[in-house]
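Understanding the architecture of this molecule
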Protein chains: 2
Amino acid sequence: MREVAVLGVGMTKFGPTDLSIKELFAQAALEAIRESNLTSRDVQALFVGNVLGDFAEGQMNLAGFLADEIGLPPRIPATRVEGACATASIAFREAFMWVASGFYDIVLVGGVEKVSSMGTPLATRAFAMATDSHYEEFCGLTFPGVFAMLTHLYANKYGISLPTLKEQMARVAVKNHHNGAMNPLAQFQAEISMEKVLNSFMVCDPLQLYDCCPFSDGAAAVVLASREIAQARVAKPVKVLGVGQGSAGALSRQKDFTVMQSRVASARQAYKMAGIEARDIDLCELHDCFTIAEIVASECLGFFEFGQGSAAVEKGSTRIGGKIPINPSGGLKSKGHPIGATGCAQVYEIVKQLRGECGKRQVDGAKIGMTDTLGGDAGTVVNLILGV
Amino acid sequence: MREVAVLGVGMTKFGPTDLSIKELFAQAALEAIRESNLTSRDVQALFVGNVLGDFAEGQMNLAGFLADEIGLPPRIPATRVEGACATASIAFREAFMWVASGFYDIVLVGGVEKVSSMGTPLATRAFAMATDSHYEEFCGLTFPGVFAMLTHLYANKYGISLPTLKEQMARVAVKNHHNGAMNPLAQFQAEISMEKVLNSFMVCDPLQLYDCCPFSDGAAAVVLASREIAQARVAKPVKVLGVGQGSAGALSRQKDFTVMQSRVASARQAYKMAGIEARDIDLCELHDCFTIAEIVASECLGFFEFGQGSAAVEKGSTRIGGKIPINPSGGLKSKGHPIGATGCAQVYEIVKQLRGECGKRQVDGAKIGMTDTLGGDAGTVVNLILGV
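Since the structure is predicted, the reported quantities are computational estimates derived from the model, not experimental observations.

Of all hydrophobic cores here, the largest spans 292 residues; its most connected members are Leu46 of chain A together with Leu46 of chain B. In contact with leucine 46 of chain A, other than residues within four places in its own chain, are Ala63, Leu66, Ala67, Leu72, Ile76, Ala78 and Leu108 of chain A.

Written out as C-alpha cells, the structure is:
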C-alpha cells in the first residue's frame, strides 16, 4: 500500500440544467484532468458514480460511454458503482485502492447525476428506492419521512423540546445558505433568515421546506495518483490519509437511528487509517440532506458528544471560524445534491480548502479535512480524510 | 500485490423463481461461505453485482441490504457495481484488488438478478438501456437487433453465406444445450436439434429464437482470499491468475464490431498478468448471449483466427473434448443469463471444472480456465483467468 494524492479536481455548477449526463460528466472530468496538468491519455482507469441514469436518460452501463466521451481508449477499464447518495464516495474509495495497491498510477474518479428532467414525482419515487423496498417503500416511506422520524427520535431521546430543536435545525439551514452564498458553484447562492426557514411550508412534520436539500443536477471529478506523480505534476497535492465504508440493512434492523452504526464504523476506519482523531479535523463536508441529518452526522463522526450536536450549532461551533467548520461549501442544503456526484463534490471542496483557494468562505489554516456521505437510511456510509 | 485464490463458490438454479433478490443472493452467498469453511463473520468486505433491482423490486442501494441479509455487521463495506451483463465480473475484479493489495484477507463477491417479475416487454426495454441512450435506443435498437446486425457484418466481412453461417450458429446452440443438459443448475436442461433451432421463430433477422439466450433469475457468489488463507482453509484453492477490463462508447464510435476492441484489450491484460497465451487456456466460459456472440468472442480471445470461429464450431473444436471447450456449463444460452450474476456464475463453473467436480460435463485435465463477459454492445468487457 503506497500513499495516494489528489492532483486535480473539477466540478460543474449544481442545479437544473439542459446538459446531458455525458456533458455534465465531461465538463467536470476534463477540468480535473486539466488541473492535474495531464491529458485524458494519462488516465489509466475510470471509476464513476451515478444513481439514476436509467430513469433520467434510459442509460445504464454508463461508465464506458463516459470514458469514450472524454477520449479514454478501449484499454481503459471504466467502472460504475452505486450506493445511493454515497455513490461518488464509493467510487473514490475504489479508485484510491487501485492506486494505493500500485496497480495503476493515475486514476480518474467522478460522479454525475441528472434528475431535473425526471420531474419531482418520479424523482421522489426513485430516491425512495434507496430505502428497503420490502418493508419501507411498501409503507409509502420517502426520505423526508425517514428524517422526520429521526427528528422526533432525537428530540425524544435527548429531552429537547421540538420547538427548540426546530430552531437549532433552522440554524443549520441558515449557516449552510450563508456558506453557499459564497460558493459560485452552489445551486442556491442566497442567504436565508430564521424566519424564512421556520415559516416555510411543511413537507413532513416536523421538517419544513428549508430543512430539506434540493434535487440537483451536476457532476464532480477528481484525479488520484501516487504521491510521487502528484509531487512531480502539481504544486499542491492533497494526500488521501484515510478511507472508511460501512453498511446497514433496513431501518427495522437498526437499533438506534440517531447513532448510525454504519457511520460510526466507517468513521472509525478512516480515523484509524489516518492515525488521527475527530479533534484533528479542521473542516468537514458532511451529509446534510436534511438539517437534522447534519446534526446527527456531526455526533457520529465524533465532533460532539451524542445529544450535543444541535446545541453546538446554536453556539456557532460549526460555522466557518468555529470549532469545527461544517459544510463551508454550503453543503447539500445550499450547494445542492446531485446524488451520484455529491461525494466527489465534497472532495472538491476539501481539496480547494486545503489549498487555500476558497476566497470568502476559506477556513483559515485548514490542514486536514473530512467528508461524509450517507446512502439511503444508513445502508451505505463512506468517510474520507484528506490532508496537506 | 499478493496472490489471490478462490476458496468457495455458490450458485442458485437459474430460471424463473418466486424468490426475491435478497433470498436468491443469500442462497448463493451462504453456499460459497460454507464451501470455504468460513462463516459470515469472517467476511471483511462484500462486492455485489446487480443491474435491474430498481426496476424489478424498486430497490437500489442494494449492497447494504444484501450484507445485512447474510449477517454481515455495519463495519463491513458493501459495494454495488453495474456494467450491464459484465456486472458480476466487474465485482469480482474489484474484490480481487482489495485482497491482492493486502487491505483485506477475505472478501465475498456475488451477483444477483431477478427479471421474471418484470415481464418480457419491460425486461426487453430495460436491457436495451445498456446501449447508448442517445443514438441507439432512440432508434428502437434492442440487443437482438445489435447481434442481428453483427451476424450480417460477420457474414459479409468474411464472405460466408448467410445459410452456412446460420447453420454454424445453430451448432453453437445445439452444443450449449447439450452441455447444459448435464448441468443441474441450468435453466434449460434439454438437448435441442439442428432442425429445432433452424425452424424456430424469427426474432430479428437472421436471429431465430434458439440463437438467443433467455431472461433468467439467479445468483452466484465467490469467496476470495489470500493464497495463505486459501491453502489453510480448503483442499483445492483455485488461483486468480489474471484479470482484465476494457470499455467502449456507442456502436457508432467502434470501428469494427466483429473485432471488439474493449474485449481484445481486456483479454490482453488478463493474459499478460497471467503470463500465458490463448493456447494455454483449457476451457472458457464466454458470453454467448446470442450464438453469433460466442463465435465472435472466441476469435477476440485468441482461440481462433478472425473469421475462423464459425468454422471451428462446425469442426467440433469448442465441444467438451475439443481443442478449446467453450461453455461446458451450457453458457448463457442454456444455463441461463441473470445478467447481474453471470460473471460469478462463469467463475463458479471454472472453479468446479478446475476442481474436477463437474461429472458428465467435466473437461478432463483442466488446469487453466478463462471467463469472458460482455456488457452492452461492448461498452464493458471483463476477462478473468483462473488456474490450479
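Back to the text.
Note on the chain copies: they are related by a rotation about an axis and a translation along it. Overlaying chain A on chain B yields an RMSD of 0.0 Å, the required transformation being a rotation through 180° with an accompanying axial translation of 0.0 Å. Seen this way, the second copy is the image of the first under a two-fold rotation axis. Of all interface residues in chain A, 100% are interface residues in chain B too; the two copies therefore contact each other through one and the same surface.

For the α-helix, the turn length of 3.6 residues means that residues three or four positions removed from each other point alike. All names here are of chain A. If you check helix H1 (residues 21-35), its first and last C-alpha atoms are 21 Å apart, about what 15 residues at 1.5 Å a residue would give, namely 21 Å. The complete set of buried residues in H1 reads Ile21, Lys22, Leu24, Phe25, Ala26, Gln27, Ala28, Ala29, Ala32 and Ile33. Packing partners of the buried residues in H1 comprise strand S1 (4-11), helix H2 (53-57), helix H3 (62-69), strand S4 (106-113) and strand S7 (218-226). Following H1 by one or two positions, asparagine 37 has its phi on the positive side, about 60°.

Interface size is often expressed as the accessible area that is lost when the parts come together. All names here are of chain A. Each assigned domain of chain A is listed here: domain 1 (4-119 + 216-238) and domain 2 (139-212 + 240-387). Between domain 1 and domain 2, the residue contacts involve 36 residues of the former and 35 residues of the latter. Elements with a minimum of two residues in the side of domain 1 that touches domain 2: S1, helix H4 (87-100), S4 and S7. No other element matches the 7 residues that H4 contributes to the side of domain 1 that touches domain 2. Tallied by class, the residues present in the side of domain 1 that touches domain 2 amount to 21 nonpolar, 10 polar and 5 charged.

On the chain B side, the residues contacting the 53 residues of chain A number 53 residues. Going through the elements one at a time, H2, H3, strand S3 (78-82), H4, strand S8 (238-247) and helix H10 (261-274) of chain A are the ones with two or more residues in the side of chain A that touches chain B. Partitioned by chemical class, the residues of the side of chain A that touches chain B number 23 nonpolar, 19 polar and 11 charged. Pairing between S3 of chain A and strand S3 (residues 78-82) of chain B: 3 bridges, direction antiparallel. Looking at the pairing, glutamate 82 of chain A lines up with arginine 80 of chain B of S3 of chain B.

What follows covers the packing of helix H7 (residues 162-180) of chain A against helix H11 (residues 291-300) of chain A. All names here are of chain A. Interhelical geometry of H7 versus H11 gives an angle of 95° and a closest axis separation of 8 Å. Of the possible angle classes, the one that applies to H7 and H11 is roughly perpendicular. Side by side, H7 and H11 meet where Met169, Val172 and Ala173 of the first sit next to Thr291, Ile292, Glu294 and Ile295 of the second. Partitioning the contact of H7 with H11 into residue classes produces 5 nonpolar, 1 polar and 1 charged.

Residues and elements named next belong to chain A. With 8 of its 9 residues buried, S7 lies for the most part within the structure. In terms of strand pairing, S1 meets S7 through 7 bridges, oriented antiparallel. Looking at S7, one finds that glycine 8 is bridged to valine 223. Two strands pair when backbone bridges link them, and S4 and S7 are joined in this way by 8 bridges, in the antiparallel orientation. Directly across from glycine 111, in S7, lies its bridge partner alanine 220.

Rules and cut-offs
- Residues numbered from 1 in each chain as written.
- Chains lettered and ligands numbered in written order.
- Predicted model: local features only at pLDDT ≥ 70, side-chain atom pairs only at ≥ 80, totals over all residues.
- Core = buried A, V, L, I, M, F, W, Y, C linked by C-beta atoms within 7 Å.
- Buried ≥ 20, exposed ≤ 12 C-beta atoms within 10 Å, placed from the backbone.
- Contact = placed C-beta atoms within 7 Å.
- Least-squares fit on C-alpha atoms with pLDDT ≥ 70 in both.
- Helix = DSSP H or I, 4+ residues; strand = E, 2+ residues; numbered from the N terminus.
- Expected span 1.5 Å × (residues − 1).
- Domains from an automatic or database assignment.
- Nonpolar A, V, L, I, M, F, W, Y, C, P; charged D, E, K, R; others polar.
- Pairing = 2+ DSSP bridges.
- Axes fitted to C-alpha atoms, helices over the stretch in contact; angles between N-to-C directions.
- Parallel < 35°, antiparallel > 145°, perpendicular 65-115°, else oblique.

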